[in-house]
Number of protein chains: 2
Amino acid sequence: MQTWTAIRARRHVRSYQDRPIAPADLDQILEAGRVAPSWSNKQARDFVVVTDRDRLAELASVSPAAGHVRGSAAAVGFVVPDDDAMIVQYAYDAGQATMLMAIAAVALGIGSAPAEIGNGEKLRTVLCLPAGQRCLHVLAFGYPADGPLDPTTKLHRRPFDQVVHRDRW
Amino acid sequence: MQTWTAIRARRHVRSYQDRPIAPADLDQILEAGRVAPSWSNKQARDFVVVTDRDRLAELASVSPAAGHVRGSAAAVGFVVPDDDAMIVQYAYDAGQATMLMAIAAVALGIGSAPAEIGNGEKLRTVLCLPAGQRCLHVLAFGYPADGPLDPTTKLHRRPFDQVVHRDRW
């Protein structure tokens, strides 16, 4: 798929077909996250990729905002050091890795949507996180149940001329 | 350019040819940022795109980390509401928009690199920011001076099997 088509076809997908993602395709999505840039190239992030159905259901139950994880084919937890002083940089880097994974997925016909999952003990237990690490968010993946990803889909966005300022605000 | 090629060819580019970016191409890069997802789809972000050479030089002088902005063809300031309570979400969203812009640029043969520029008065003056808004970072764009973007370039990254954990940490 052409890059611009993938960028335009990306949308949040929270309803998935009951169809697994081939391991090579899932690894390609994760590879897109691995090569993402990071603050000072610290790469202070790990990805916990969950495909086990019982564990996906447990993840989904961690937060009301994570319900779509239950029906996903795979979910990736973005894990970073639990360091409040670095949280803004880590969040920025997680955003960068999120979009590279999402775009790599679109090119494979796979949709995605993030889930905010807090930082509770249940989440830590499900992902078996060690002390000193926290999961910023979970990104769920799967083949869209509501039709293929389509670059002509209209997203609800502010108009270009309102968002973009030329040379000065 | 194929999506996977663009993902693999992306790298930070801080040295640029003395060559402008065609307005339609620059707008396509900005459009990639406009369609990026955001927390609760709030889209609480504006892009100030600078192409004026004097203003680029002023931007470059704002911070020692922004030197590469001087020779860039264009620089985009990511502006968000100045709200400490939302800074983590805004940073995550800025990371998402950053990577969509960067990938859209790669597909056009254009490199990019972010610059941390603080939140000082000089920056605010250069971008003419109104009260209540702050610029999180600047993303500089230009045609690479050190050779074309190449998907075979080796990035310094932690090994896949160290970064990726299966089903649990």
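Residues numbered from 1 in each chain as written. Chains lettered and ligands numbered in written order. Predicted model: local features only at pLDDT ≥ 70, side-chain atom pairs only at ≥ 80, totals over all residues.

### Examining the interface of chain B and chain A
Here is the rule: Throughout, a pair of residues is in contact if the C-beta atoms placed from their backbones lie within 7 Å. Secondary structure elements are taken from DSSP: a helix is a run of H or I of four residues or more, a strand is a run of E of two residues or more, and numbering for both begins at the N terminus. Classification used: nonpolar for Ala, Val, Leu, Ile, Met, Phe, Trp, Tyr, Cys and Pro, charged for Asp, Glu, Lys and Arg, polar for all others including Gly. At least two DSSP bridges between two strands are needed for those strands to be called paired.
Of the residues lining the interface, 54 residues belong to chain B; the matching set on chain A comes to 54 residues. Contributing elements (two or more residues each) for the side of chain B that touches chain A: α1 (3-9), α2 (23-34), β1 (46-50), α4 (87-106), α6 (160-163) and β5 (164-166) of chain B. The element that contributes the greatest number of residues to the side of chain B that touches chain A is α4 of chain B, accounting for 13 residues. Within the side of chain B that touches chain A, the residues separate by chemical class into 31 nonpolar, eleven polar and twelve charged. Relative to β1 of chain B, strand β5 (residues 164-166) of chain A runs parallel, the two being bridged by three bridges. Looking at β1 of chain B, one finds that Val164 of chain A is bridged to Phe47 of chain B.

### Quick notes on the sheet that holds strand β3 (residues 111-115) of chain A
The line we're drawing: Between the N-to-C directions of two axes lies an angle of 0 to 180 degrees, each axis being a line fitted to C-alpha atoms and, for a helix, fitted only over the stretch in contact.
Read across the sheet, five strands follow the order β3(A)-β4(A)-β2(A)-β1(A)-β5(B) without closing on themselves; strand pairing throughout is mixed. Bordering the open sheet on either side are β3 of chain A together with β5 of chain B, each of which pairs with just one other strand. Each strand of the sheet is rotated relative to its neighbour by a mean of 25°, with strand direction disregarded. Taken strand by strand, helix α4 (residues 87-106) of chain A contacts β2 (74-81), β3 and β4 (133-142) of chain A, and its axis lies near 20° from that of β4 of chain A.

### Some remarks on unusual backbone geometry
All names here are of chain B. Rule in force here: For every residue, the other C-beta atoms within 10 Å of its own C-beta are counted; 20 or more classify it as buried, 12 or fewer as exposed, and values in between as partly exposed. C-beta atoms are placed from the backbone.
For Ser40, which is not glycine, the phi dihedral falls at a positive 55°. Secondary-structure assignment places Ser40 in the loop between α2 and β1. At Asn41, a residue that is not glycine, the phi angle is positive and equals roughly 50°. With respect to the helices, strands and loops of the structure, Asn41 is situated in the loop between α2 and β1. Here Asn41 falls in the exposed class, since 11 other C-beta atoms lie within 10 Å of it.

### Things to note about the relation of the copies chain B and chain A
Worth spelling out the cut-off: Fitting of the copies onto one another was done by least squares over C-alpha atoms, counting residues only where both copies have pLDDT of at least 70.
Between chain B and chain A, which share one sequence, the superposing operator has a rotation angle of 180° and an axial displacement of 0.0 Å; the RMSD is 0.0 Å. In the structure described here, the two chain copies are related by an operation that fits a two-fold rotation axis. Of the residues that chain B buries at the interface, 100% are likewise interface residues in chain A, meaning the two copies contact each other through the same surface.

### Some points on the packing of α2 of chain B against α4 of chain B
All names here are of chain B. To be explicit about the condition: Put simply, angles under 35 degrees are roughly parallel, angles over 145 are roughly antiparallel, angles from 65 to 115 are roughly perpendicular, and the rest are oblique. Handedness of each helix crossing follows the sense of rotation of the near helix against the far helix: counterclockwise by less than a right angle gives left-handed, clockwise gives right-handed.
Contact geometry of α2 with α4 gives a least axis separation of 8 Å together with a crossing angle of 150°. As summarised for this structure, α2 and α4 are arranged roughly antiparallel, according to the angle between their axes. Here α2 runs over α4; the crossing is right-handed. Where α2 abuts α4, its residues Gln28, Ile29, Ala32 and Gly33 lie against Ala97, Leu100, Met101, Ala104 and Ala105. Partitioning the contact of α2 with α4 into residue classes produces seven nonpolar, two polar and no charged.

### With respect to the confidence of the model for chain A
Selection criterion: The quantity known as pLDDT measures the predictor's confidence residue by residue, on a range of 0 to 100.
The pLDDT averaged across chain A works out to 96; a share of 100% of its residues lies at or above 70. ipTM for the predicted complex: 0.97, alongside a pTM of 0.97.

### Regarding the environment of Ala9 of chain B
Residues and elements named next belong to chain B. Following the sequence through the fold, Ala9 ends up in helix α1. Residues Ala9 and Trp169, 160 residues apart in the sequence, show an inter-C-alpha distance of 30 Å. For Ala9, the residues in contact, after removing those within four places along its chain, are Val106, Leu149, Asp150 and Pro151.

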